[in-house]
Amino acid sequence: MGNLGRLTRRTYAELTDEQKEAFDGMAQGRNPDDGHLGGPFDAWVLNPKLGKRISSLGGAFRFKTVTDRRYVELVILVTGHYYQAQFEWYAHEPMARDAGVPEAVIQAIKAGETPAFEDPKDEAAYRLAMELHHSHQLSDATYAFALEQLDEVGIAELANLAGFYTMVSMNLNAFRVPLPEGAEYPFPLTSG
């Protein structure tokens with residue numbers, strides 16, 4: 001991954017008025033540094049109109065779904081692993097743990113292994129995300145299982161969530177967003 005952090009670091013004073021407004025909105029509930037929010041947010045500030053909408057959509061996916069947060073976080077982990085999005089995994093591993101995703105499931109996903117599931121809803125969320133990422137489709141069997149475990153609303157929310165976090169992961173990877181100083185990278189760093 002060499003040369004972590006491709007995005008130009010700007011101070012708050014260097015932002016346009018529109019960028020400052022977007023920054024201020026995205027900074028709520030975070031601990032910003034001068035002109036720096038971390039994660040995908042700094043790139044989103046570059047185009048404030050688009051960035052505010054993306055940030056708002058992310059908040060809706062994370063906090064306003066009908067589907068239990070446990071399954072939301074599980075799908076985010078599957079997506080983060082699929083894209084080897086360092087910051088995504090770093091940010092969401094503790095959230096997944098806090099939401100009740102079992103440690104053994106978290107570690108199996110991180111290692112690229114299929115977890116042994118005790119909760120059929122965990123399995124349904126995992127299978128849904130894995131198939132959408134790997135084959136870009138849901139098999140009839142996975143759809144039926146997800147329908148039984150999560151219902152149509154759950155399938156819709158989790159499929160859209162996987163798409164949203166695909167965008168987030170691509171943004172993080174494009175700019176090689178670094179982790180905070182001293183944090184351990186969850187996946188091997190690649191050069192290039």
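It should be emphasised that the depicted structure is a prediction, and the values quoted were computed from it without experimental measurement.

Engineer: I would appreciate a short explanation of helix α5 (residues 86–99) in the present structure.
Structural biologist: Three- or four-residue spacings in an α-helix give side chains the same orientation, since the helix completes a turn every 3.6 residues. In this model, α5 (14 residues) spans 20 Å end to end at C-alpha, consistent with the 20 Å of a helix rising 1.5 Å per residue. The largest bend in α5 amounts to roughly 30° and is located at H92, with the proline P94 lying one to four residues further along. For α5, the full list of buried residues reads Q86, F87, E88, W89, H92, E93 and A96. Elements that come into contact with the buried residues of α5 comprise α3 (48–63), α4 (69–82), α6 (103–111) and α8 (140–174). Of the residues flanking the end of α5, it is G100, one or two places downstream, whose phi is positive at about 105°.

Engineer: Help me understand the environment of Y90 in this model?
Structural biologist: With respect to the helices, strands and loops of the structure, Y90 is situated in helix α5. Note: C-alpha distance between Y90 and Y71 (19 residues apart in sequence) is 18 Å. Contact partners of Y90, with chain neighbours within four places excluded, come to L179, P180, A183 and P186.

Engineer: Any chance you could explain the nonpolar core here in plain terms?
Structural biologist: One finds L74, I109, L158 and L161 to be the most contacted residues of the largest nonpolar core, which totals 44 residues. Among the secondary structure elements, those contributing two or more residues to this core are α1 (17–27), α2 (41–46), α3, α4, α5, α6, α7 (120–134) and α8. No other element matches α8, which puts 11 residues into this core.

Engineer: In this structure, what is going on with the packing of α4 against α7? I would like to understand it.
Structural biologist: A packed helix pair is summarised by two numbers, namely the angle formed by the two axes and the spacing between the axes. For the pair α4 and α7, interaxial distance at closest approach is 9 Å and the crossing angle is 35°. When you trace α4 past α7, the crossing you get is right-handed. Across from R70, Y71, L74, V75, V78, T79 and Y82 in α4, the residues of α7 making contact are K121, D122, A125, Y126, A129, M130, H133 and H134. Class assignment of the residues belonging to the contact of α4 with α7 gives a composition of 9 nonpolar, 3 polar and 3 charged.

Quick notes on the rules
Chains are numbered independently. Their residues run from 1 in the order of the written sequence. Local features are withheld for residues below a pLDDT of 70 in this predicted model, meaning they are given only at 70 or higher, and side-chain atom pairs are given and counted only at 80 or more; totals for whole chains, interfaces and linings count all residues. Hydrogens and water molecules were not included; the side-chain quantities draw on all heavy atoms of the structure. By the criteria applied, helices consist of DSSP H or I runs no shorter than four residues and strands consist of E runs no shorter than two, each listed in order from the N terminus. Between the first and last residue of a helix there are one fewer steps than residues, each counted as 1.5 Å, and that sum is the expected span. Each residue is assigned a bend, namely the angle between axes fitted to the seven residues that terminate at it and the seven residues that start at it. Throughout, exposure labels follow a simple rule: accessible area from a 1.4 Å probe, protein chains only, divided by the maximum for the residue type, with under 20% read as buried, over 50% as exposed, and the rest as partly exposed. The contact rule is simple, with two residues in contact once any of their heavy atoms fall within 4.5 Å. To qualify as a nonpolar core, a set must consist of buried Ala, Val, Leu, Ile, Met, Phe, Trp, Tyr and Cys residues joined through side-chain atoms within 4.5 Å. Axis definition: a line fitted to C-alpha atoms, limited for helices to the stretch in contact. Angles are taken between N-to-C directions and run from 0 to 180 degrees. Crossings are sorted by hand: turned counterclockwise from the far helix by less than a right angle, the near helix makes the crossing left-handed, and turned clockwise it makes it right-handed. Three classes are used, and their members are as follows: Ala, Val, Leu, Ile, Met, Phe, Trp, Tyr, Cys and Pro are nonpolar, Asp, Glu, Lys and Arg are charged, and the others, Gly among them, are polar.

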